[in-house]
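Here are the chains, one letter per residue:
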Amino acid sequence: MNNAVNNGDDGIWSGTWVAERLGVELVGDDALTGLLGLALRRNPKRAHLLVSNVLGKHVPQSPSVVHGHGFALGRRVRELLGAEETAEAVVLGYAETATGLGHSVADGLGTAPYLHSTRRPVAGVAQAGGFEESHSHATSHLLLPEDPALLAGDGPLVLVDDEFSTGNTVLNTIRALHERYPRRRYVVVALVDMRSAADAGRLDDFAREIGARVDLVTAASGTVRLPEGVLEKGQELVARYEAAGVASGDRSAAGGRGTARQATTDPHPEDDRIRRTRPRGHLSRVDLFWPRGLPDGGRHGFTPKHRARLETALPAMTARLAEAIPEDAARVLVLGFEELMYAPLRLARELEQVVAAEVRYSTTTRSPVLAVDDPGYAIRSRIVFPAHDDPADGPGERYAYNVAGSGFDAVVAVVDSVADTRELHAPDGLLSQLAAHTPHVVLAVVPSYVPEPLYAAALSEERPAMLPEPLRGPAFSSYPPEEVGWLLQDLSDVTLEAPTEEREEAIQSGGAHYAESLPVEYQPSEQYQELFHAALETSAARIAQAVGVVTETVIAERSPRPVLVSLARAGTPVGVLMRRWAQFRHGLDLPHYAVSIVRGRGIDANALRWLAAHHDPRDVVFVDGWTGKGAITRELAAAIEEFEAGGGAAGFDAEIAVLADPGSCVRTYGTRDDFLIPSACLNSTVSGLISRTVLRADLVGPNDFHGAKFYRELAGTDVSVAFLDAVAARFPEVADAVGGAVKELLASDRTPSWEGWRAVERISEEYGIHDVNLVKPGVGETTRVLLRRVPWKILARAGAGADLDHVRLLAGQRGVPVEEVGDLPYTCVGLIHPQFTRGATGADGKAVTV
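Worth saying up front: this structure is predicted, and the values here are computed from it rather than measured. (Residues numbered from 1 in each chain as written. Predicted model: local features only at pLDDT ≥ 70, side-chain atom pairs only at ≥ 80, totals over all residues. Heavy atoms only, no water.)

1. Observations concerning the overall build of the protein
So, point 1. Helix and strand counts for the protein come out as 24 helices and 32 strands.
So, point 2. The contacts in the protein between residues at least 6 apart in sequence include a share of 76% that link residues at least 24 apart.
So, point 3. Element-wise, carbon and sulfur atoms account for 51% of the exposed surface of the protein, whose accessible area totals about 31,400 Å². (Helix = DSSP H or I, 4+ residues; strand = E, 2+ residues; numbered from the N terminus. Contact = heavy atoms within 4.5 Å. Areas by Shrake-Rupley, 256 points an atom, 1.4 Å probe, with all protein chains shown as cover.)

2. A short note on the environment of Glu-209
So, point 1. Assignment of secondary structure puts Glu-209 in helix H7 (residues 202-210).
So, point 2. In this structure Glu-209 comes out as exposed when scored by relative accessible area, which is 54%.
So, point 3. For the pair formed by Glu-209 and Arg-175, sequence separation is 34 residues and the distance between their alpha carbons is 9.9 Å.
So, point 4. Side chain to side chain, Glu-209 and Arg-175 meet in a polar contact 3.4 Å long. (Buried < 20%, exposed > 50% of the residue type's maximum accessible area, 1.4 Å probe, protein only. Polar contact = N/O pair within 3.5 Å; in protein donor to acceptor, adjacent residues only side chain to side chain.)

3. Quick notes on the sheet that holds strand E32 (residues 828-832)
So, point 1. Spatially, the four strands line up as an open sheet ordered E29-E32-E30-E31, and their pairing is mixed. This sheet does not close on itself; its edge strands, each paired only once, are strand E29 (775-777) and strand E31 (818-821). Pairwise comparison of adjacent strand axes, ignoring direction, gives a mean angle of 20° for this sheet.
So, point 2. Along the sheet, helix H22 (residues 755-766) contacts E29, strand E30 (791-797) and E32; its crossing angle with E29, the most-contacted strand, is approximately 140°. (Pairing = 2+ DSSP bridges. Axes fitted to C-alpha atoms, helices over the stretch in contact; angles between N-to-C directions.)

4. Section: the side chain of Arg-285
So, point 1. Structurally, Arg-285 can be placed in strand E11 (residues 282-286).
So, point 2. When its relative accessible area of 19% is taken as the criterion, Arg-285 is described as buried.
So, point 3. Of the polar contacts made by the side chain of Arg-285, one reaches the side chain of Asp-420; its length is 2.6 Å.

5. Digging into the packing of aromatic side chains
Each pair of aromatic rings is reported with the distance of its centres and the angle of its planes.
So, point 1. Applying the stated criterion to the full structure yields 13 aromatic pairs.
So, point 2. Here the aromatic rings of Phe-302 and Tyr-342 are separated by 6.3 Å at their centres, their planes lie at 70°, and the arrangement is edge-to-face. With Phe-302 in the loop between E11 and helix H10 (304-324) and Tyr-342 in helix H11 (residues 342-354), this residue pair connects regions lying 40 residues apart in the sequence.
So, point 3. Since its relative accessible area comes to 2%, Phe-302 is described here as buried. (Phe/Tyr/Trp six-rings, centres within 6.5 Å; stacked < 30°, edge-to-face > 60°.)

6. Overview of the nonpolar core
So, point 1. One finds Leu-40, Val-158, Ile-174, Val-189, Tyr-377 and Leu-434 to be the most contacted residues of the largest nonpolar core, which totals 133 residues.
So, point 2. A per-element tally of this core places strand E9 (residues 185-193) first, with seven residues.
So, point 3. Leaving out residues up to four positions away in the same chain, Ile-174 has contacts with Leu-159, Tyr-186, Val-188, Phe-206, Ile-210 and Val-214. (Core = buried A, V, L, I, M, F, W, Y, C linked by side-chain atoms within 4.5 Å.)

7. What about the environment of Val-384?
So, point 1. Summarising the element assignment, Val-384 is placed in strand E14 (residues 382-386).
So, point 2. Judged by its relative accessible area of 9%, Val-384 falls in the buried class.
So, point 3. Each C-alpha atom, one on Val-384 and one on Leu-430, is 7.9 Å from the other, the two residues being 46 residues apart in sequence.

8. Focus on the packing of helix H5 (residues 168-180) against H7
So, point 1. At a minimum axis distance of 12 Å, the contact between H5 and H7 shows a crossing angle of 5°. In this view, H5 runs roughly parallel relative to H7, as classed from their interaxial angle. Between H5, through Asn-168, Leu-171, Ile-174, Arg-175 and His-178, and H7, the contact on the second element is made entirely by Arg-202, Leu-203, Phe-206, Glu-209 and Ile-210.
So, point 2. Tallied by class, the residues present in the contact of H5 with H7 amount to five nonpolar, two polar and three charged. (Parallel < 35°, antiparallel > 145°, perpendicular 65-115°, else oblique. Nonpolar A, V, L, I, M, F, W, Y, C, P; charged D, E, K, R; others polar.)

9. Quick word on the pairing of strand E13 (residues 358-364)
So, point 1. E13 sits mainly inside the fold: six of its seven residues count as buried.
So, point 2. One ladder, built from seven bridges, connects strand E12 (residues 331-337) with E13; its direction is parallel. Looking across to E13, one finds that Phe-337 is bridged to Thr-364.
So, point 3. Following the chain from E12 across H11 to the adjacent parallel E13, one finds a crossover that is right-handed. (Right-handed = clockwise from strand over helix to strand, strands pointing away.)

10. Re helix H20 (residues 720-728)
So, point 1. Within the sequence span of H20, burial applies to Ser-720, Phe-723, Leu-724, Val-727 and Ala-728. Along the axis of H20, the buried residues cluster in a sector spanning 125°; they form a single face.
So, point 2. Residues of H20 that are buried sit in contact with helix H16 (526-557), helix H17 (571-586) and helix H21 (731-746). (Arc of directions from axis to C-beta.)

11. Structural notes on the sheet that holds strand E10 (residues 213-225)
So, point 1. If you walk across this open sheet you meet the six strands as E1-E10-E9-E8-E4-E5, and the pairing is mixed. Since the sheet does not close on itself, it has two edges, and those belong to strand E1 (25-28) and strand E5 (114-116), each with one partner. Taking each pair of neighbouring strands and ignoring which way they run, the sheet shows an average axis angle of 25°.
So, point 2. Bridging between strand E4 (residues 90-93) and E5 involves three bridges; their strand directions are parallel. Note on E5: the bridge partner recorded for Val-91 is Tyr-114.

12. Considering the environment of Val-554
So, point 1. Mapped onto the secondary structure, Val-554 falls in helix H16.
So, point 2. With a relative accessible area of 1%, Val-554 lands in the buried category.
So, point 3. When the C-alpha atoms of Val-554 and Met-578 are compared, they prove to be 9.7 Å apart, with 24 residues separating the residues in sequence.

13. Let's talk about the packing of H16 against H20
So, point 1. Two elements in contact, H16 and H20, have axes separated by 8 Å at closest approach and are oriented at 60°. When the interaxial angle is binned, H16 and H20 end up oblique. Judged by the sense of rotation from one axis to the other, the crossing of H16 with H20 is right-handed. Along its contact with H16, which presents Leu-536, Ala-540, Ile-543 and Ala-544, the element H20 presents Phe-723, Ala-726 and Val-727.
So, point 2. In the contact of H16 with H20, the residues fall into seven nonpolar, no polar and no charged. (Left-handed = near helix turned anticlockwise from the far one by under 90°.)

14. Digging into the confidence of the model for the protein
So, point 1. Of all residues in the protein, 87% attain a pLDDT of 70 or more, and the chain-wide mean is 84.
So, point 2. Within the model, the stretch residues 1-9 combines pLDDT values under 50 with 34 contacts to residues more than four positions away or in other chains.
So, point 3. Counting interchain partners and residues more than four positions distant, the pLDDT-below-50 stretch residues 252-278 has 45 contacts. (pLDDT = per-residue confidence, 0-100.)

15. Looking at the side chain of Ser-566
So, point 1. Summarising the element assignment, Ser-566 is placed in strand E22 (residues 563-568).
So, point 2. Here Ser-566 is in contact with Gly-571, Thr-572, Gly-575, His-592, Tyr-593, Ala-594, Val-595 and Val-623, once residues within four sequence places are set aside.

16. Looking at the pattern of salt bridges
So, point 1. Overall, the coordinates contain 40 salt bridges when judged by the stated rule.
So, point 2. Across the salt bridge formed by Glu-766 and Arg-762, the nearest N and O atoms sit 3.5 Å from each other. With a gap of four residues between them, Glu-766 and Arg-762 both fall in helix H22, about one helical turn apart.
So, point 3. Of the residues examined, Arg-762 reaches a relative accessible area of 29% and is grouped as partly exposed.
So, point 4. Bridged by salt links that share partners, the residues Glu-483, Arg-579, Arg-580, Asp-589 and Asp-725 form one connected network. (Salt bridge = Lys/Arg side-chain N within 4 Å of Asp/Glu carboxyl O.)

Here you go:
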């Protein structure tokens with residue numbers, strides 16, 4: 001297939017094929033045929049389809065061109081309204097086709113908030129209005145603003161659609177809204193005005209009927225001349241081509257539907273054979289670090305403040321996308337998802353400025369259109385795949401047009417988190433279909449924004465009841481119920497475990513996030529259990545002193561009655577021990593909860609809301625076991641900032657209190673020594689039989705706590721309470737030492753030096769890894785590498801003694817070399833295999849050197 005899909009290299013208008021066969025004529029402004037092509041679809045009311053070349057829906061186009069057309073229309077509206085009315089204007093776009101166009105028009109106005117209609121009901125969000133699209137095959141439009149006042153003002157309402165054909169949709173909308181929210185002025189904006197002569201006068205009549213001014217702003221105008229019987233002829237033509245299997249431009253995975261070709265429409269029938277035999281594309285996933293609380297689009301409203309936050313965040317998000325695209329890629333497509341048009345468009349427009357490749361932008365759609373691989377036809381190919389966002393109107397086919405056969409070296413698929421489902425990743429899903437047609441597929445997921453009441457509303461009587469009470473033992477965890485409340489949901493009945501090697505390959509390839517599955521729980525050998533108990537006996541007093549120091553520091557500096565919130569699960573044993581110390585030393589019965597935090601995705605915002613509804617956020621102290629390079633420390637700080645910026649309760653202090661801070665990342669700690677903390681030696685069996693936390697879109701909804709499993713079946717090997725009891729038993733003997741250490745600590749300079757982070761960056765480069773996430777510093781993190789990841793090698797500080805006995809044992813069991821180095825700020829560092837595939841390990845999963 002030729003890359004040109006409109007009036008381009010072929011020099012052929014992309015409406016020629018339909019015009020010649022049906023006698024359809026497009027007449028009007030000179031710019032009209034450059035803006036529009038023609039295609040056919042199965043529709044009982046209108047067989048032909050006007051296909052925009054600049055909308056970014058069916059035809060991949062330069063994102064600057066797409067955004068520029070909407071922006072220019074917005075500037076014209078601003079000139080029409082003047083400064084005073086522009087300041088009061090609200091822009092409303094139409095789903096799904098014009099959501100991005102409407103947002104771009106709002107950009108052109110500059111100060112206008114934006115809302116688009118939606119076909120996706122959102123639980124808990126009240127409907128402020130709705131209307132039908134008379135000529136469409138799709139479901140009703142819903143209006144779901146976060147702030148209902150958005151539609152209730154007196155300023156002009158600017159309605160944006162891709163084309164103004166009969167005017168029925170716009171008039172239906174204005175009539176419905178005017179009855180409920182009357183205003184003096186409306187402006188209708190469209191790329192093209194395609195009204196017939198009979199429809200041209202209806203707008204003025206309608207304006208007089210409702211007693212308001214209605215203006216029209218378009219980029220071009222014209223009309224479609226349809227000969228007698230064109231609907232029937234078009235329907236017959238569609239049926240004939242579909243029956244012949246031509247959907248000749250249909251492209252799906254090898255052996256899939258729609259691969260038949262006809263020589264009359266395709267002079268190169270061998271192309272499909274080539275496509276069926278070439279390797280499938282490589283799939284990777286990139287985390288954009290989308291700002292928390294920033295809407296993904298205008299479904300619930302998008303204000304000028306939101307626009308400013310997006311502009312600030314775009315360069316960093318785009319840089320992450322650029323890193324995921326091969327340097328030698330010549331053509332790149334950023335593919336949005338149905339109503340999610342604006343966020344992918346802005347990412348694509350920014351990407352266009354920073355990469356050498358030619359960048360194009362388009363989006364998937366619900367609309368079924370016949371594809372014919374002919375240079376005179378607007379829809380040259382289509383990819384067919386199942387819906388992947390659990391649509392309200394049930395399952396069905398979805399489409400990506402003019403992607404297959406267009407020579408893209410990489411496709412960046414951008415979806416929202418509601419659509420990041422099993423169906424998206426299924427063998428016949430969108431990602432697999434794209435991988436059949438491009439060497440590289442990159443997935444970027446934008447969090448689906450769900451409106452939340454402001455903090456004041458969260459303090460109402462109804463708000464706490466919306467979130468469940470914490471889970472407690474013995475129903476969830478082996479800890480006594482008073483020791484900790486888990487702000488999690490129980491996923492014990494869900495199979496989430498995957499072999500270590502399989503998880504590692506998926507994580508490093510970008511196909512999965514580490515929090516979407518669980519490693520198989522390590523079952524310690526008898527020798528390893530003996531080592532754990534010996535280590536506990538040796539280090540219990542040392543741990544007890546560190547617990548005392550960090551707890552006393554918290555009480556002295558943070559709050560006389562702190563609310564301990566441990567980061568599950570490594571922080572939870574430490575939180576329990578701190579609570580026990582407060583009881584032992586001060587007679588305090590401190591509340592203690594465990595919450596989930598996920599690297600790259602932040603802390604559980606629903607858990608924060610629950611805490612804010614039950615406690616003063618200023619009393620909350622976050623607790624973790626130890627620091628490595630400080631990634632979670634940074635993650636928590638960013639998460640709290642985003643939580644507050646998104647309307648969450650203010651007052652949470654993001655500084656973590658840790659038992660050990662070998663990386664010099666925090667101010668509140670028990671020690672900065674890197675030594676063996678026995679709770680790092682085991683997984684759930686020293687953490688209340690609770691798994692790592694899980695965050696996966698199909699299991700954790702927007703109003704749910706993150707999930708975890710309770711491994712009741714491992715009760716026979718559980719040492720969780722025994723570990724706590726062994727350490728707490730040493731409290732009396734270390735009490736005096738704690739008092740002296742705290743006085744000394746409070747008088748010292750504890751400013752974090754981030755020494756560990758610098759060491760990790762140096763190691764990453766010296767060992768050719770070039771990814772700090774694969775370098776895990778400290779005894780605790782090294783142990784986790786050996787238990788849960790695919791280790792490459794262990795770096796041990798020369799002369800390290802018994803603190804590394806368990807590391808040496810595990811390394812020996814997995815065939816991992818231990819390399820002694822002299823200038824290591826940590827006792828040891830674990831390196832994850834930097835280029836992992838299952839072929840990079842032995843059959844038994846043991847690591848090999850490279």
